[in-house]
Structure formats: structure tokens, C-alpha cells
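Breakdown of the fold
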Amino acid sequence: MTVRTHTLENGLRIVTERMEGLQSAAIGIWVLSGGRHERIEQNGIAHFLEHMAFKGTKRRSALEIAEVIEDVGGYINAYTSREATAYYARVLEADVPLALDVVSDIVLNPVFDPGEIEVERGVILQEIGQALDTPDDVIFDWLQEKAYPEQALGRTILGATERIRAFNRTDLQGFVAEHYSPCNMILSAAGAVDHDKIVAEAEAIFGALPKGKLLQPDPAHFVGGEYRVEKQLEQAHLALAFESPDYTDPAIYTAQIYASALGGGMSSRLFQEVREKRGLCYTIFAQAGAHADTGMMTIYAGTSADELGELTEITLDEMKRAADDMSEAEVARARAQMKAGLLMGLESPSNRAERLARQMQVWGRIPPLSEVVESIDAVTVADVRAMAAQMITSAPSALALYGPISAAPDWQGFQDRRVA
């Protein structure tokens, strides 16, 4: 497998990886503009724009965009995150040029037909409604909002209903002009790809475009706090967040291993203690995520109203205990899970193309796999215990509760329990 990179004169970065033995490829454009790049009056527009990309271009109707990829057995999709918007396709080797042509067409040439805007507005409002009706989805938006209040990073990616109702064609065109420039794009491809051909095709498509202005979002500040919504539901939903390392901090590997050992699988401490031994919930997990300048470890559980207080206490107690007696066996298991997940994911061209784009965004280079594995293996039990101690005693935190939550501790009670 060979990773190759190239940068056009206007700043468009291209990264490819040839995966021998495959007959298919994934190719896409990652625009380094997501929810945290929106001004408050723009909240939700990056996601709205992602939807509109498939609603017609200067060359193709919405139906033709779908048909031209599916006619060759391919797949096309997109997503919006807080730091990027991705447009990508999966096709057979012979159809890579076609996929690049279609993906670049929807990114560079959307027409934003007013009728289609109204149709998609309705779709997005339905999506927002669905999210609001899904407690274990919406609670993470509330948690993010309390962790990063009055900041773009804390706002929902879908946007507020009143803003979605107000966006028009001019708003969409303005956001594209401001954010969709070559210096804010990464073209990534993996699988049965030819680097030189992709570079030549990209030069023909993007080469004449002006470079544009490199985007720099406002710095993030983890503040924390509590978000409570009392509602008659079957379950009470609990989500905790603790500030953790950003993705350029070497300690990110320690945070991820700690989260895995604490609540990353069936053998993890929280799963064993809360679910297997006490039967307090069906779902409980911990995970460590990261952004460019901040990170957040989250713990989620859903339980009955009567069990919520006990579940909260045990969760915090397990975090405290991890700082004292996290074992070598637990850390070794978490390291193995992390490496296995990484290596298994790399067997997919789509996962690999996404990883290449993310690495270019973060580091401006593609670290060798051996370098990542070495960083994982370098994490010690002492590192994990120190991370656990810092997380439970002094890291800024946030708490979100939804449902029949009267038995849950209030914000001060939660803080007192952390240090008790």
C-alpha cells in the first residue's frame, strides 16, 4: 500500500493510497468547514448545504446525480461534522474518474433551485424533529451545548428550527463563496486508484479556481454546566462529559485507552459493574472524542427513574477507582482493542479515504501506521491512572439529564460526589 500526496498551486491537497488486490475505490472531497465555522446566524447552514449538493447542479438534475453513480453499481453520500463536510462515492476501479467528476460537480456547481430548497427545508425539519424524539441523540447535543456554551462548537449541527426556516438561496451561495475554496479542501481516495491520474483530473477540475482564504474557527473553551429536562419517558437518560486532550496532543492516546478500559466494551469496568453485576441499565458506554483544540470524554447510560441515583454514584465511583487500581491487564486489553479497531477499519477503502483526509487536516501529513501503533503501545498504566485522576478531580465537566430525572443529583451534588 502506497500513500502519495500532492498540492495544487491554489492549495487543494490531494492524498491517495493504492490498496493492492482491490477492484473498488472510495473517493471524496472533504471541505474543512463544519458546524464550528458557522456564525450564530448561520447555525445549521453547513448541513443544509450538504443536503442541497444532491439537489441538482449546472450539469445534472437531482435524479441524474443518483442515477449516474448507481448505473455503475456505485454509492454516493455526504455528512457534516463540527469541523468538516464530506462528499464521497464508492465505485469500481474503472469508474473512479466518473466518481470524481460527479463529486466535484456537486461541490462546485450546485444550482440551489428555490423549489428544491423548500423541499429540502422540509426534509431537514423532519430530521430535526426525529432527533428531538430520540433521547439518546438529543442529549448529546445538550451536553455539547453545556460544555461549550455560546460557542459555535457547542451548537447543534442540524441547527435551530427557526434558522432552518429562514435560510434562502443567497445565504447558501454566500456560505459557499466564503468557505468552499481550494485551500479549504482535501481530495482523498483509497483502494484501486492511480495517484497520477487523479492528480491530472483534479488539476483539470480545480486548477483554475482561486485559492481563497484559509478558515480559522474561533478557539474553543470548555466551560461545563448542567442541562436538565424533566419529561415522562420510559427511561432516564444520563450523559457526562469531561474535558480531554485535543487531537494534536500526544495524550489523546491515553484518553482513548482510558475511555475504552472504563466503558468501551463488554469487559469494561462500567459495563461489568453497572450492567452485568447490578443490572441497572441496558446501555452504558464511554468514549473519547477530539477536535482541533479541545477534546471531550463522554459517558452515557439509560436507566429507570428509580435506579438513576445509584447509577450516577457508581459511575463516579468507578472513575475514582480507576485512578487507584487500573491494572496492566485492562490497559493491555484497551490497547489491543484500539489497535484492532484501527487495523480492521483500514481494510475498508471508505474508512481509509476518510482517515487520510482527517490526518491531512490534523497534521498536514500522513503519519505511518507504525507511528500510530507505537504511540498506542507507549501508553502506560501510570499514564492511564494519572489521566483518570485528573478527569475525576479537576477536569471541567458537563452533565445532561433527560426524562424522569428527579432522583438524579443536582449540579452541586454531582460536583460534590466527584471530590468526596
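This structure is a prediction, so every number in the text was calculated from the model and none was measured.

Criteria and cut-off values
- Residues numbered from 1 in each chain as written.
- Predicted model: local features only at pLDDT ≥ 70, side-chain atom pairs only at ≥ 80, totals over all residues.
- Heavy atoms only, no water.
- Pairing = 2+ DSSP bridges.
- Helix = DSSP H or I, 4+ residues; strand = E, 2+ residues; numbered from the N terminus.
- Axes fitted to C-alpha atoms, helices over the stretch in contact; angles between N-to-C directions.
- Contact = heavy atoms within 4.5 Å.
- 1 Å grid on protein atoms, 1.4 Å probe; cavity = no way out; pocket = protein on both sides within 12 Å on 5 of 7 lines; lining within 4 Å.
- Points joined across faces, edges and corners; volume = space filled by probe spheres on them.
- Nonpolar A, V, L, I, M, F, W, Y, C, P; charged D, E, K, R; others polar.
- Phe/Tyr/Trp six-rings, centres within 6.5 Å; stacked < 30°, edge-to-face > 60°.
- Buried < 20%, exposed > 50% of the residue type's maximum accessible area, 1.4 Å probe, protein only.
- Salt bridge = Lys/Arg side-chain N within 4 Å of Asp/Glu carboxyl O.
- Core = buried A, V, L, I, M, F, W, Y, C linked by side-chain atoms within 4.5 Å.

If you walk across this open sheet you meet the six strands as S1-S2-S6-S3-S5-S4, and the pairing is mixed. With partners counted over all chains shown, the strands left at the sheet margins are strand S1 (2-7) and strand S4 (75-80), one partner each. Between one strand axis and the next, the sheet turns through 15° on average, direction left out of account. Strand direction decides the pairing type here: S1 and strand S2 (residues 13-18), joined by six bridges, are antiparallel. Along S2, the bridge assignment pairs His6 with Ile14. Seen against the sheet, helix H13 (residues 349-363) touches S1, S2, strand S3 (24-31), S4, strand S5 (85-92) and strand S6 (185-191) and runs at an angle of roughly 145° to S6.

So, about empty space enclosed by the protein. Here the structure, examined in full by the defined rule, presents one cavity of 30 Å³ or more. For the largest cavity, the calculated volume is near 60 Å³. Around the largest cavity, the lining residues are Ser260, Ala261, Gly265, Ser267, Ser268, Arg269, Glu330, Arg333, Ala334 and Gln337. Secondary-structure elements contributing two or more residues to the lining of the largest cavity are helix H9 (252-263) and helix H12 (328-345). The element that contributes the greatest number of residues to the lining of the largest cavity is H12, accounting for four residues. Partitioning the lining of the largest cavity into residue classes produces two nonpolar, five polar and three charged.

With that out of the way, let us pick up the packing of aromatic side chains. On inspection of all chains with the given rule, the structure shows ten aromatic pairs. Between the aromatic rings of Tyr87 and Tyr180, the centroid separation amounts to 6.4 Å while the plane-to-plane angle is 65°, which identifies the pairing as edge-to-face. Here Tyr87, found in strand S5, pairs with Tyr180, found in the loop between helix H7 (169-179) and S6; they are 93 residues apart in sequence, far enough to count as distant. Since its relative accessible area comes to 10%, Tyr180 is described here as buried. The interplanar angle of 10° and the centroid separation of 4.9 Å between the aromatic rings of Trp142 and Tyr227 together place this pair among those described as stacked. You can see Trp142 sitting in helix H5 (residues 135-147) and its partner Tyr227 sitting in strand S7 (residues 225-230), a full 85 residues away along the chain. Clustering of aromatic rings is evident, with ring pairs tying together Phe140, Phe285 and Tyr300.

This paragraph deals with the pattern of salt bridges. Two side chains bearing opposite charge may form a pair once their charged atoms approach each other closely. All chains considered together, the criterion is met by 29 salt bridges. The salt bridge partner of Arg4 is Asp196, with a shortest N-O separation of 3.1 Å. Of this pair, Arg4 sits in strand S1 while Asp196 sits in helix H8 (residues 195-206), and the two are 192 residues apart along the sequence. Classification of Asp196 as partly exposed rests on a relative accessible area of 48%. A cluster of three or more residues bridged by salt bridges with shared partners is formed by Arg269, Glu318, Arg321, Asp325 and Glu330.

Structurally, Gln361 is set in helix H13. Considering only alpha carbons, one finds Gln361 and Val31, 330 residues apart in sequence, at a separation of 9.8 Å. With sequence-adjacent residues up to four places away left out, Gln361 is seen in contact with Leu32, Glu83, Ala84, Ile186 and Tyr247.

Turning to the nonpolar core, a few remarks are in order. Counting residues in each nonpolar core, the largest one holds 50 residues, and the members touching the most others are Phe242, Tyr258, Met297, Ile299 and Met319. Examining the composition of this core, we find that eight residues originate from one element, H9, more than from any other. Contact partners of Phe242, with chain neighbours within four places excluded, come to Phe222, Gly295, Met296, Met297, Ile299, Met319, Met391, Ala395, Pro396, Ser397, Phe414 and Arg418. The next biggest cluster of nonpolar side chains, apart from the first, holds 48 residues, and it includes Ile27, Val102, Leu172 and Val176.

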